[in-house]
Amino acid sequence: MGRITTLLTIWVVSFVVGFVGWMLYPQISSLLSGLTPILLSVFDAQITNAAMAGFATSIVSVVIVLVWANKTKNNRF
């Protein structure tokens, strides 16, 4: 896989994650606010939602990179 292909793949996957996240945000936000009333009462809702979105995105990114890294021939992970 060349550099251009790798960068385009990462760009497309990031775009899809952002697009799906935007479309699912109302449902996920209401679900998380129902599951975490203690966090929402302690912290501002915007900060809590931003932290949860950042955590979810970081998990997705790590999984993508791990899958990509494990497809190479010289696997040292």
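All values reported here derive from a predicted model rather than from experimental measurement.

This part covers a nonpolar patch on the surface. Where nonpolar side chains cluster on the molecular surface, the patch consists of Ile4, Leu8, Trp11, Val12, Phe15, Val16, Phe19, Val20, Trp22, Met23, Leu24 and Ile28 and spans about 1300 Å² of accessible area. Topologically, Val16 is positioned in helix α1 (residues 3-35). Overall, Val16 belongs to the partly exposed group, its relative accessible area being 42%.

To describe a pair of aromatic rings, one takes the distance between the centres and the angle between the planes. Tallied over the entire structure, the rule returns 2 aromatic pairs. Each ring, one from Trp11 and one from Phe15, has its centre 6.5 Å from the other, and the planes form 35°; the classification is tilted. Taken together, the positions of Trp11 and Phe15, both in helix α1 and 4 residues apart, correspond to about one turn of that helix. Judged by its relative accessible area of 52%, Phe15 is exposed. A ring pair is formed by Phe15 and Phe19, whose centres lie 6.2 Å apart and whose planes are at 25°; its orientation type is stacked. In this pair, Phe15 and Phe19 are both assigned in helix α1, 4 residues apart and thus about one turn of the helix distant. In this structure Phe19 comes out as partly exposed when scored by relative accessible area, which is 49%. One aromatic cluster is present, formed by Trp11, Phe15 and Phe19 through successive ring pairs.

What counts as what
Residues numbered from 1 in each chain as written. Predicted model: local features only at pLDDT ≥ 70, side-chain atom pairs only at ≥ 80, totals over all residues. Heavy atoms only, no water. Patch = residues over 30% accessible without salt bridge, like charges linked within 9 Å, V, L, I, M, F, W, Y side chains within 5 Å. Areas by Shrake-Rupley, 256 points an atom, 1.4 Å probe, with all protein chains shown as cover. Salt bridge = Lys/Arg side-chain N within 4 Å of Asp/Glu carboxyl O. Helix = DSSP H or I, 4+ residues; strand = E, 2+ residues; numbered from the N terminus. Buried < 20%, exposed > 50% of the residue type's maximum accessible area, 1.4 Å probe, protein only. Phe/Tyr/Trp six-rings, centres within 6.5 Å; stacked < 30°, edge-to-face > 60°.

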